[in-house]
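Fold and geometry: a report
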Amino acid sequence: MGEPVLAASVAKPTTMEGRNLILLYGSETGNGEEIAMELAKMAERLHFNTVVGEMDDFKLTDLLRYSLAIFVTSTTGQGDMPKNTTTLWKSLRRTKLNNTNCLASVKFSIFGLGDSSYPKFNWAARKLRVRLLQLGASEFFRPGEADERHENGRLTHNSDYRLDSIYLPWYQELRESLLSQFPLPKGIEPIPDDAQLPPKYNIRLVPSTGSVKDKITNGEGHVSQVEDNEQLAAKFERMSTDSESTEAPWQKDGTDVPDFPPAKLLPIPGSFTAQVVCNKRVTPEDHWQDVRHIEFELRSPGRNGAMSFAGQTLLIYPKNYPKDVQKLIDLMGWSDVAEQRIEIDWAKGTRPRDYHFLKDATIRDALTHNFDISAVPKRTFLEFMAYHTTNPLEKERLHELTQRGDSDEFYDYTSRPRRTILEVLEDFPGVKIPYTRLLEFPIIRPREFSLCNGGDPTVNAKDLVISNEQDTTTSTDVYKFEILAALVHYRTIIRKPRQGLCSRYLRHLPVGTTVQIGIKPPSSPFSMDDPSFYSRPLIGVATGTGIAPFRALLQDRCLVQDQQQLGPTLLFFGCRNAAADFHFQEEWGTVPNLTVYPAFSRDNDSSSTEEETKLALQRAAGIYDAGKNYVQYQIRQHAAKVGELLRQNPIIVVCGNSGRMPKSVREALEDAAVGSGVVADREEAKGWFDRKENCVYWQETW
Ligand SMILES: Cc1cc2nc3c(=O)[nH]c(=O)nc-3n(C[C@H](O)[C@H](O)[C@H](O)COP(=O)(O)O)c2cc1C
């Protein structure tokens, strides 16, 4: 079963000398990658010989081989470049390149993705652009800057929509610009949208004996590098692929098997095998949100020296449920091939990020562990579906939905109700995707959770020596990593309640299960090696599960030998109810020199009627967030105390929901700086928080 006979025609771009385009992306959570892939397809339809990949897949000299380069990058951390850009970015910044004009032959354009609630909006794209221009490259098309906060005149909580409101017009203009600046020769037309482009990979079924090889070809069909899973496992010795020991407890006795994903471990480079030792709901059953305190234990992750836990994130790789996988197999008519092992040849540079193939994977395995069938589909997926239905009505409807116009139809059908790929495929039963196109499904990306513990995370290893020299841990050392996860449960316009892939996985994850986890280095701009880390004041502003990185930071600071040295700490903590989600409240009393100002948004409080009236008037006058039950109100209330700490070069940490909170908090801090006389006025307050000599400002919002 390959491409169906009735599928849309497949059209190969014409190869033209000198018409080359390279698309390089930097992306943390996949938004930038998705855009880069879409732009690459557009360029291919214009007959550009197109190569697309992560920035770090390429060297500086590779840029010189292409007539055009398009960069797509998000900004992460505190105005930082994404992790998969660091090598190329480092080589671009080498001082010996200054004044060399070494990129004079490069024509480029750049598209950034960011969030204007961060102080350093789209800094990665801006820094990169400035450096490319410094090195002599010229821009063939204007830069674009998408903003997750952009509302385009309409209030929307839909981040796809917000990114698209900048991206789609930029895409259209770029296409027109490419066609006019680099016209096609007479007789050659752009490949129309209704013809499918050939895939960049080749999926084959393999006989049941022999090992599955995951091959990377050099684009001309030769195998240039063969790396099978045994080799990978050997390379990453911390990772176990022993399936005997990875079964969830319920799988051992074989009785009463619930519908929970199998516990097989993916061969993820650099990841760790850990065991779930606690999975406890910390909010009352009748509270609107299920917040979990989950603890993992892992053996000897090869830690080298002391490390700050604050800002470290734990990566969890969720899986699909067997019932959903079966549903997809039935819908696509893949039951005769589902248990067969597959082999994939990739053209160079086309292997997707985060695609980690299970040893001897069958199609069912790949669907369970690798493809996010409960993701909300992107526009490109719906476009792809249209090629694979023989029903003209379905085709027409899919075309209507994917029009790149002003219409909201696409968002109304997909992201607003959070319809999943599986549900969309159920809505279009005529769509039969061949298994050879499996890679058009989005890859399951790891989900990131801030660690909520810090200090010394070792258990059973009291004699552990932390040194900056060699890792002195032994195989008996066990480390504990804790997260506080708010499980996402949507109530959408579709009646069926829905939950995120990872939320569902975590909700039912049994204690005792062995899982594969990743650990991402901290994004925090301070170091535990700096003695002032412990003694300088700390102002924490956290909402909801945003308390996690703050708690980790606090526990890190408590490592100080002499507790008297611990700097004063203020915590402004916003949650709904004192009794429901005032997380870790029982711990705060044990931390020296800490004052907590909670802001309970849904509890009645006992302030005066006069105060109530004043606030009601402020709200009526549209003064945003004047409400007393928010953290920003508490910051203004305690301006004198805040000011006292601002004078002492504090660390300021803002964690929790993105959206309006970070901006409102920043404004409240500016007001507190003015009110307490630290600065003369709002104008002076604006830049004050960005200067290192005044404070360290760390924002971790999601
Ligand atoms: C931890 C974190 C830090 C971020 N820092 C910034 C920032 O400093 N400036 C900015 O403009 N956007 C920032 N963003 C927003 C991202 O750039 C935005 O969400 C983007 O769509 C992510 O694209 P990606 O999936 O390709 O990484 C941050 C997002 C996260 C989750």
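Residues numbered from 1 in each chain as written. Predicted model: local features only at pLDDT ≥ 70, side-chain atom pairs only at ≥ 80, totals over all residues. Heavy atoms only, no water.

**Here's the deal with the sheet that holds strand E22 (residues 594-600)**
Convention followed: By the convention used here, strands pair only if DSSP detects at least 2 bridges between them. A helix here means a DSSP run of H or I that spans at least four residues, while a strand means a run of E at least two residues long, and both kinds are numbered starting from the N terminus. Axis definition: a line fitted to C-alpha atoms, over the contacting stretch in the case of helices. Angles run 0 to 180 degrees between N-to-C directions.
Read across the sheet, 5 strands follow the order E22-E21-E20-E23-E24 without closing on themselves; strand pairing throughout is parallel. In this open sheet, the two strands that pair with only one neighbour each are E22 and strand E24 (696-701). When strand polarity is set aside, the average angle formed by the axes of neighbouring strands in this sheet is 10 degrees. Looking at chain direction, strand E20 (residues 538-543) and strand E21 (residues 569-575) are connected through 6 bridges and run parallel. Across the sheet, the residue bridging to Ile 539 is Leu 570, located in E21.

**Comments concerning helix H11 (residues 392-402)**
Just so we agree on the cut-off: Exposure categories follow from relative accessible area, calculated using a 1.4 Å probe and restricted to protein chains: below 20% of the type maximum is buried, above 50% is exposed, and the middle band is partly exposed. The arc in question is formed by the directions pointing from the helix axis toward the C-beta atoms. Should any heavy atoms of two residues lie within 4.5 Å, those residues are considered in contact.
Within H11, the full set of buried residues consists of Glu 394, Leu 398, Leu 401 and Thr 402. Seen from one end, H11 has its buried residues packed into an arc of 85 degrees, which puts them on one side. Counted as exposed and oriented over 90 degrees from the buried face of H11: Pro 392 and Leu 393. Elements in contact with the buried residues of H11: helix H10 (379-387) and helix H12 (409-413).

**Considering the packing of aromatic side chains**
Here the distance between the centres and the angle between the planes together describe a pair of aromatic rings. As a reminder of what qualifies: Ring pairs are drawn from Phe, Tyr and Trp, using the six-membered ring of Trp, whenever the two centres fall within 6.5 Å, and their geometry is named by plane angle: stacked under 30 degrees, edge-to-face over 60, tilted for the rest. Charges are assigned to positions over rings by a cutoff of 6 Å between ring centre and Lys NZ or Arg CZ, combined with an angular limit of 35 degrees from the ring normal.
This structure, assessed with the given rule, holds 25 aromatic pairs. Aromatic pair Tyr 167 and Tyr 171: ring centres 5.9 Å apart, planes at 70 degrees, arrangement edge-to-face. Separated by 4 residues within a single helix, Tyr 167 and Tyr 171 lie in helix H5 (residues 159-181), roughly one turn from each other. As far as the burial class goes, Tyr 167 and Tyr 171 line up, both buried. Considering the side-chain rings of Tyr 355 and Phe 357, the 5.5 Å spacing of their centres and the 50 degrees angle between planes classify their relative orientation as tilted. One exposure class covers both Tyr 355 and Phe 357, and it is buried. Through successive ring pairs, a cluster of aromatic residues spans Trp 334, Trp 346, Tyr 355, Phe 357, Phe 371, Phe 381, Phe 384 and Phe 441. Its guanidinium or amino end placed over the ring of Phe 410, Arg 379 lies 4.6 Å from that ring's centre, counting from NZ or CZ. Positioned above the aromatic ring of Tyr 321 is the side chain of Arg 504, whose terminal nitrogen or guanidinium carbon lies 3.7 Å from the ring centre.

**As for the pairing of strand E4 (residues 107-114)**
Put simply, the rule is: Viewed with both strands pointing away, a crossover whose connecting path from the first strand over the helix to the second turns clockwise is right-handed.
The element E4 is extensively covered by neighbouring structure, given that 7 of its 8 residues are classed as buried. For the crossover that starts at strand E3 (residues 68-74), traverses helix H3 (residues 86-92) and ends in the parallel E4, the hand is right-handed. In the sheet, E4 pairs with strand E5 (residues 138-139) via 2 bridges, with the strands oriented parallel. Looking at the pairing, Lys 107 lines up with Ser 138 of E5.

**Describing the packing of H10 against H11**
Here is the rule: Every angle not falling under 35 degrees, over 145, or within 65 to 115 is termed oblique; those three ranges are roughly parallel, roughly antiparallel and roughly perpendicular. Whether a crossing is left-handed or right-handed is set by the direction in which the near helix is turned from the far one by less than a right angle, anticlockwise for left-handed and clockwise for right-handed. Polarity classes work like this: nonpolar for Ala, Val, Leu, Ile, Met, Phe, Trp, Tyr, Cys and Pro, charged for Asp, Glu, Lys and Arg, and polar for all others, with Gly in that last group.
Viewed as axis vectors pointing N to C, H10 and H11 meet at an angle of 160 degrees, and their least axial separation amounts to 9 Å. It follows that H10 is roughly antiparallel to H11 by the angle criterion. Handedness of the crossing formed by H10 with H11: left-handed. Across from Arg 379, Leu 382, Glu 383, Met 385, Ala 386 and Tyr 387 in H10, the residues of H11 making contact are Lys 395, Leu 398, His 399, Leu 401 and Thr 402. Residues of the contact of H10 with H11, tallied by class, amount to 6 nonpolar, 2 polar and 3 charged.

**Observations regarding the confidence of the model for the protein chain**
We apply this condition: Predictor confidence is given residue by residue as pLDDT, running from a minimum of 0 to a maximum of 100.
For the protein chain, the average pLDDT comes to 83, and 80% of its residues sit at 70 or higher. Low pLDDT (under 50) marks residues 1-7, which in the prediction has 18 contacts with non-local residues, meaning those over four places away or in another chain. Within the model, the stretch residues 622-627 combines pLDDT values under 50 with 13 contacts to residues more than four positions away or in other chains.

**Topic: the nonpolar core**
Counted only if it meets this: What is meant by a nonpolar core is a set of buried Ala, Val, Leu, Ile, Met, Phe, Trp, Tyr and Cys residues, joined one to another through side-chain atoms within 4.5 Å.
Core analysis: the biggest nonpolar cluster contains 77 residues, and Leu 39, Val 72, Trp 334, Leu 425 and Phe 441 have the highest contact counts within it. When sequence neighbours within four positions are dropped, the list of residues in contact with Leu 39 reads Leu 23, Ile 70, Val 72, Tyr 167, Trp 170, Tyr 171 and Leu 174. Counting 30 residues, the second-largest nonpolar core is a separate cluster that includes Phe 526, Leu 566, Ile 651 and Val 696.

**A look at the site of the ligand**
Which entries qualify depends on this criterion: When at least one non-hydrogen atom of a residue lies within 4 Å of a molecule or strand, that residue is treated as near it. Here a polar contact is recorded for every N or O atom pair within 3.5 Å, except that within protein the pair must consist of a potential hydrogen donor and a potential acceptor, and residues adjacent in sequence are included only if both atoms are side-chain atoms. Per-residue and other accessible areas follow the Shrake-Rupley method at a 1.4 Å probe size, with only the shown protein chains counted as cover for residues.
Around the ligand there are 20 residues in total, and Ser 27, Glu 28, Thr 29, Gly 32 and Thr 75 lie nearest to it. Separating an oxygen atom of the ligand from a backbone N or O atom of Asn 122 is a distance of 2.8 Å. Its free accessible area being 650 Å², the ligand has 88% of it covered by the protein chains. Residue assignment for the shell around the ligand shows that the elements contributing at least two residues are helix H1 (31-45) and E4. For the shell around the ligand, the class distribution of residues is 3 nonpolar, 13 polar and 4 charged.

**Re helix H8 (residues 322-332)**
Turning to H8, its buried residues number three or more, namely Asp 324, Val 325, Leu 328, Ile 329, Leu 331 and Met 332. Considered in projection along H8, the buried side chains sweep an arc of 165 degrees and stay on one side of the axis. On its buried face, H8 sits against helix H9 (363-369), helix H13 (421-427) and helix H14 (501-507). Two residues or fewer after H8 comes Gly 333, characterised by a positive phi angle close to 70 degrees.

**Things to note about the pattern of salt bridges**
Counted only if it meets this: A carboxyl oxygen of Asp or Glu within 4 Å of a side-chain nitrogen of Lys or Arg is what we treat as a salt bridge.
Inspection of every chain in the model, using the stated rule, returns 40 salt bridges. One salt bridge in this structure joins Arg 437 and Glu 440, with 3.6 Å as the shortest N-O distance. Residue classification places Glu 440 among the partly exposed residues on the basis of a relative accessible area of 21%. Overlapping salt bridges bring together Arg 636, Arg 666, Glu 670, Asp 671, Arg 682 and Asp 690 as one network.

**Points about the side chain of Ser 450**
Topologically, Ser 450 is positioned in strand E14 (residues 447-450). On the basis of relative accessibility, which here comes to 11%, the residue Ser 450 falls in the buried class.

**A short note on a positive patch on the surface**
To keep it simple, the criterion reads: For patch building, the residue pool is restricted to those with more than 30% relative accessible area and no salt bridge; the joining distance is 9 Å between like charges and 5 Å between nonpolar side chains (Val, Leu, Ile, Met, Phe, Trp, Tyr). Positive charges are assigned to Lys and Arg, negative charges to Asp and Glu, while His and the chain termini are left out of the count. One atom stands in for each charge, and that atom is NZ of Lys, CZ of Arg, CG of Asp or CD of Glu.
Among the surface-exposed residues, Lys 90, Arg 93, Lys 120, Lys 127 and Lys 692 lie close enough to one another that they form a single positively charged patch. Overall, the relative accessible area of 31% leaves Lys 127 in the partly exposed class.

**Considering the packing of helix H20 (residues 639-646) against helix H21 (residues 661-675)**
Closest axis-to-axis distance for the H20/H21 pair is 8 Å, and the angle between their directions is 85 degrees. In terms of their interaxial angle, H20 and H21 are classed as roughly perpendicular. Taking contact as the criterion, the partners of Ala 639, Val 642 and Leu 646 in H20 are, on H21, Leu 669, Ala 672 and Ala 673. Among the residues forming the contact of H20 with H21, the class breakdown is 6 nonpolar, no polar and no charged.

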